[in-house]
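Topology and contacts: notes
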Amino acid sequence: MIYNGKEVEFPAIMHVSFFKLIEQLEEMAKSKDAGQASYAKDLLKEVEKYPELKDGISDVTKLKKYQKSFDKLSKPLFPSILSTNEIKILTPPFYFEPIYTSERFDNIVSASGEPFEFRMKDVDEDLFYKYCCYFILGKYFGYQIGGSTPQFLEIENKAQGFNRVYKLLINADLSEFIPTDKAVQITQEDFEELINNFDDMDLWKQKFPPNSWIMRGINIVNLVDVTADQSIGNITSNLLVKSDNTFENIQHSVRRMLNNTNLSIGIVSYENEMLLPIDHRDVNSILLQEGEWLSCDKDFCPFSCQELFVKKEPFVVTDADHFHEVSGTGMAQKLKDSGYKSYIIAPLVHEGELLGFMELGSKNKYELNRGSLDMLGQIVPILSMAKKRFQTESQNLVEAVIQQECTTIHSSVKWRFEEEAMKFINKQEEGEEAMFTDIVFDHLYPLYGQLDIKGSSERRNRAVSKDLIKQLNGVTKVLKTANKEKPLPVLDELLHRLNGFNGELKKNLAAGSEHRILSFLKDDVYPVFDHFKNDDRALKELVEEYESMLDADLRTVYEERKKYDTSVNLINQRLASYLDKKQIEAQEMFPHYFERYKTDGVEFNMYIGQSITNDKTFSEIFLRNLRLWQLLVMCEMENEFHSLRKELTAPVEIASLILVYSTPLSVHFRMDEKKFDVEGAYNARYEIIKKRVDKAHIKGTKERITQPGHIVIVYSQEQDANEYRTYLQFLSSKGYLKPKIEDVALEDLQGVHGLRALRVAVDYAGSMGVDELIREIEEGTSAE
């Protein structure tokens with residue numbers, strides 16, 4: 001078998017034969033229709049002349065000898081009335097050298113300026129061999145193998161300047177497979193073995209030995225022009241796969257799809273009601289150069305503005321010179337300056353969002369027109385999705401750069417990250433696989449503190465309930481007035497449900513209550529209000545009075561919640577700012593890792609130990625110093641809050657807590673989560689205590705350990721309690737704390753037992769200035 005110009009192994013021997021057509025002609029020759037019988041007999045004379053036309057011609061080098069007979073016998077298969085429309089060829093089985101062609105196929109080949117040569121793309125000799133096996137399995141044995149790859153043929157059109165693509169549809173109805181004595185009978189078991197060993201070429205040749213079958217007949221091959229589909233596919237592929245010439249490839253595909261090598265394509269962005277060129281070196285605009293823009297309201301005429309920005313429909317200019325004369329807009333001037341004579345600008349819309357515009361330009365008048373939009377409509381949605389994806393990726397890239405370059409690594413541990421980064425860079429430069437591994441700091445002492453807003457959930461729920469009750473009362477007022485003027489059962493029903501919601505809110509705010517109430521108002525009440533506004537002037541004023549109660553953005557009453565949220569935000573901002581300021585000073589005593597969070601209040605972690613620093617020697621005196629500093633700053637933050645209370649718009653209280661944990665921990669920075677975490681299962685106990693301890697009760701009571709106006713120090717080792725008693729006594733002598741120290745046992749927490757706590761009241765009356773006291777502590781540390 002000849003394949004792609006050379007002799008290859010093949011499971012079947014080809015015999016060119018018109019046997020099925022001849023059998024049909026023989027039946028027609030017996031017809032009572034004299035004309036039909038005469039036509040058939042005339043064609044059968046060729047068979048009498050060359051019996052091998054039925055028996056089969058195996059020597060392809062002798063096919064030209066039979067060309068006149070081929071021409072006569074092929075005419076019934078190629079109606080002359082369709083010859084200028086159908087792209088069709090007749091070939092021997094699996095031998096793609098046409099023995100007869102339609103007129104349109106001949107015209108296409110003639111336009112290419114080259115002799116026709118068919119080569120299967122991406123099909124090697126082994127796959128070609130298996131293709132024949134597939135046909136035998138399906139046509140002879142009835143075992144179907146689906147999913148075969150469609151074959152395409154590219155033929156150059158020199159006049160258009162690019163290749164056109166045709167899909168091959170092979171009709172093998174006029175051929176058959178005949179087993180020779182070498183053929184293997186394929187059983188179901190054999191078929192399953194082939195399927196399960198699809199890539200085993202030796203097995204395929206074992207089941208289908210070379211030249212073990214005869215394929216007799218002819219194939220009719222129809223060619224379908226799929227240039228437009230291929231162009232769309234190429235555009236999609238180019239948008240999915242980034243390359244340096246993506247935009248150029250897309251432009252080529254659009255030209256081929258529209259059969260015009262002279263078209264130019266452009267893309268512009270739409271931002272803040274302006275058209276802007278894309279900030280990418282490979283993407284151009286037809287109208288706009290770098291740094292230029294077009295304003296939607298100033299540079300477009302009312303009609304084009306309506307089409308593009310309101311209807312989001314394409315706008316077509318068939319004659320740019322005439323458009324400039326009648327329009328005189330900034331857009332028309334840009335088009336005239338560009339030198340293009342016809343122009344289309346089509347919106348790129350994704351899920352209702354206008355992202356930008358695609359431009360098409362031609363140097364010839366009328367070459368782009370409304371008819372061009374039919375084909376363009378197939379690619380605009382693809383470009384829209386791509387524009388959205390690129391826009392999202394661009395934003396993600398910006399955020400990634402910010403995350404990578406601007407995420408704060410605490411100054412105390414920055415040196416360790418720099419070391420790891422240098423290792424990473426050196427491995428990359430040496431061609432090794434580089435990986436930024438987790439960074440571990442061993443043997444660190446943890447310190448944890450929090451100033452928590454007391455009963456924040458209950459206070460927020462009360463504020464929500466008050467706002468909702470006020471909103472429901474406003475709705476009730478409107479509905480009662482309306483029902484009094486014109487009683488309707490539906491208004492009674494709405495009032496009944498309002499009463500139910502009111503009763504529910506006065507008891508407590510259940511989970512989901514707010515959502516159900518607001519949904520009820522939106523779905524059931526507000527449509528009625530819209531009716532009132534259109535139907536009754538007095539009711540309209542009453543509805544508008546109700547609407548004036550609502551927050552403009554939230555569309556709900558936002559008064560008590562606003563007071564509470566404002567108070568919480570003020571507390572968080574003031575306390576966090578104070579803590580950040582003091583933390584800078586604390587780093588001067590000894591470097592330590594510090595992280596702070598704003599929640600309903602402020603909480604912070606600190607870790608200190610030798611592995612944090614690379615240029616200082618750690619001693620436990622620095623741990624004791626940091627513990628005292630933490631307690632002092634907590635006292636000062638309590639005083640800060642106390643002086644802040646008069647500025648609050650809602651009554652809020654805070655409770656302070658310190659957790660003492662004397663067992664050193666290993667802490668590592670997780671690269672995947674970009675945060676520090678405690679290492680190991682045992683050390684995780686510390687994290688569990690942190691999360692649960694502020695809700696703990698004093699053992700044997702219902703009293704929470706944390707109380708407003710007090711600082712609580714939770715511990716598990718008596719030596720820690722003794723250490724902190726000395727600190728408390730010291731700070732009491734300085735006027736920060738009251739003298740009385742409570743020492744209480746805590747109830748067991750889930751997974752945590754044996755905790756105790758020292759609790760002492762804050763003395764808000766007056767104390768030594770914190771700066772002066774810190775200086776005293778620093779001097780004491782230096783002396784030791």
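Bear in mind that the values here come from a model prediction, so they are computed numbers and not experimental data.

We now examine the sheet that holds strand β11 (residues 264-271). One open sheet accounts for six strands, arranged β13-β12-β11-β16-β15-β14; its pairing is antiparallel. Since the sheet does not close on itself, it has two edges, and those belong to β13 (294-295) and β14 (315-317), each with one partner. In this sheet, β13 lies alongside strand β12 (residues 274-277) in antiparallel orientation, the contact comprising two bridges. Paired with L275 across the strands is L294, a residue of β13.

In this fold, G328 is placed in the loop between α12 (320-327) and α13 (330-338). When the C-alpha positions of G328 and F300 are compared, they lie 9.2 Å apart, and in sequence the two are 28 residues distant.

On to the pairing of strand β3 (residues 12-16). Burial of β3 is extensive: four of the five residues sit out of reach of the surface. As defined by bridge partners, β3 adjoins strand β9 (residues 213-217) across five bridges and the pair is classed as parallel. Among the inter-strand pairings, V16 is bridged to a residue of β9, identified as G217.

Below, the discussion takes up helix α24 (residues 718-733). With 16 residues, α24 extends 23 Å between its outermost C-alpha atoms, agreeing within 8% with the 22 Å of an ideal straight helix rising 1.5 Å per residue. Those residues of α24 that sit buried are D720, A721, E723, Y724, Y727, L728, L731 and S732. Of the residues flanking the end of α24, it is G735, one or two places downstream, whose phi is positive at about 90 degrees.

Let's shift gears to the packing of aromatic side chains. This structure, assessed with the given rule, holds 37 aromatic pairs. Look at Y661 and Y686: their rings are 5.0 Å apart centre to centre, the planes differ by 50 degrees, and that puts the pair in the tilted class. Of the two residues, Y661 sits in the loop between β20 (654-660) and β21 (665-670) while Y686 sits in helix α23 (residues 684-692), which places them 25 residues apart along the sequence. Given the relative accessible area of 4%, Y661 is considered buried. Grouping aromatic residues by their ring pairs yields a cluster made of F10, F94, F128, Y129 and F135. One Lys or Arg, R216, reaches over the ring of F19 and ends 3.9 Å from the middle of that ring. For K363, the ring lying beneath its charged end belongs to Y340, and the centroid distance is 4.1 Å.

Spatial ordering of the open sheet is given by β3-β9-β8, a layout of three strands whose pairing is mixed. Of all strands in the sheet, those bounded by a partner on one side alone are β3 and β8 (175-179). In this sheet, adjacent strand axes meet at a mean angle of 20 degrees when their direction is disregarded.

On to the pairing of β12, then. Bridge count for β11 against β12 is four bridges, and the pairing is antiparallel. From the neighbouring strand, S269 faces β12, where its bridge partner is L276. Remark: two residues form the turn of the hairpin made by β11 and β12, two consecutive strands paired antiparallel; N272 in that turn has positive phi of roughly 50 degrees.

Put simply, the chain has an average pLDDT of 83, and 85% of its residues get 70 or more. Put simply, helix α25 (residues 770-783) is where the chain has its lowest mean pLDDT, 53, and helix α8 (residues 201-207) is where it has its highest, 95. In the model, residues 397-407 has pLDDT below 50 throughout and makes three contacts with residues more than four positions away in sequence or in other chains.

This model, assessed by the stated rule, comprises 37 salt bridges. Put simply, K30 and E27 hold a salt bridge, and the shortest N to O gap is 3.9 Å. A residue is classified by how much of its surface remains accessible, and E27, at 51% relative accessible area, is exposed. The closest approach of N and O atoms between D694 and K695, which form a salt bridge, is 3.0 Å. Given the relative accessible area of 43%, K695 is considered partly exposed. Within this structure, E718, R725, D743 and R756 form a network of salt bridges that share partners.

Moving on to unusual backbone geometry. Of note, the phi angle at N211 is positive, near 60 degrees, even though the residue is not glycine. Tracing the backbone through its elements, the reader meets N211 in the loop between α8 and β9. Overall, N211 belongs to the partly exposed group, its relative accessible area being 37%. Despite not being glycine, H443 has its phi angle at roughly 55 degrees, a positive value. For H443, the position within the fold is in strand β17 (residues 439-453).

Secondary-structure assignment places L355 in strand β16 (residues 353-362). By relative accessible area, which is 2% here, L355 ends up buried. For the pair L355 and S269, spaced 86 residues apart in sequence, the C-alpha separation works out to 6.3 Å.

What follows is about helix α20 (residues 537-548). Taking 1.5 Å per residue as the helical rise, α20 with its twelve residues ought to reach 16 Å, and the 17 Å between its terminal C-alpha atoms agrees with that figure. Those residues of α20 that fall on the buried side of the exposure criterion are L539, L542, V543 and Y546. Summarising the axial view, the buried residues of α20 lie within an arc of 100 degrees, below the 170-degree limit, and thus occupy one face. Exposed positions of α20 whose direction lies more than 90 degrees from the buried face are R537, E541 and S548. Packing partners of the buried residues in α20 comprise α17 (456-485) and α19 (513-535). The N-terminus of α20 is capped by D536, whose side-chain oxygen sits 2.9 Å from the backbone nitrogen of A538.

Conventions we followed
Residues numbered from 1 in each chain as written. Predicted model: local features only at pLDDT ≥ 70, side-chain atom pairs only at ≥ 80, totals over all residues. Heavy atoms only, no water. Pairing = 2+ DSSP bridges. Helix = DSSP H or I, 4+ residues; strand = E, 2+ residues; numbered from the N terminus. Buried < 20%, exposed > 50% of the residue type's maximum accessible area, 1.4 Å probe, protein only. Expected span 1.5 Å × (residues − 1). Phe/Tyr/Trp six-rings, centres within 6.5 Å; stacked < 30°, edge-to-face > 60°. Lys NZ or Arg CZ within 6 Å of the ring centre and 35° of its normal. Axes fitted to C-alpha atoms, helices over the stretch in contact; angles between N-to-C directions. pLDDT = per-residue confidence, 0-100. Contact = heavy atoms within 4.5 Å. Salt bridge = Lys/Arg side-chain N within 4 Å of Asp/Glu carboxyl O. Arc of directions from axis to C-beta. Polar contact = N/O pair within 3.5 Å; in protein donor to acceptor, adjacent residues only side chain to side chain.

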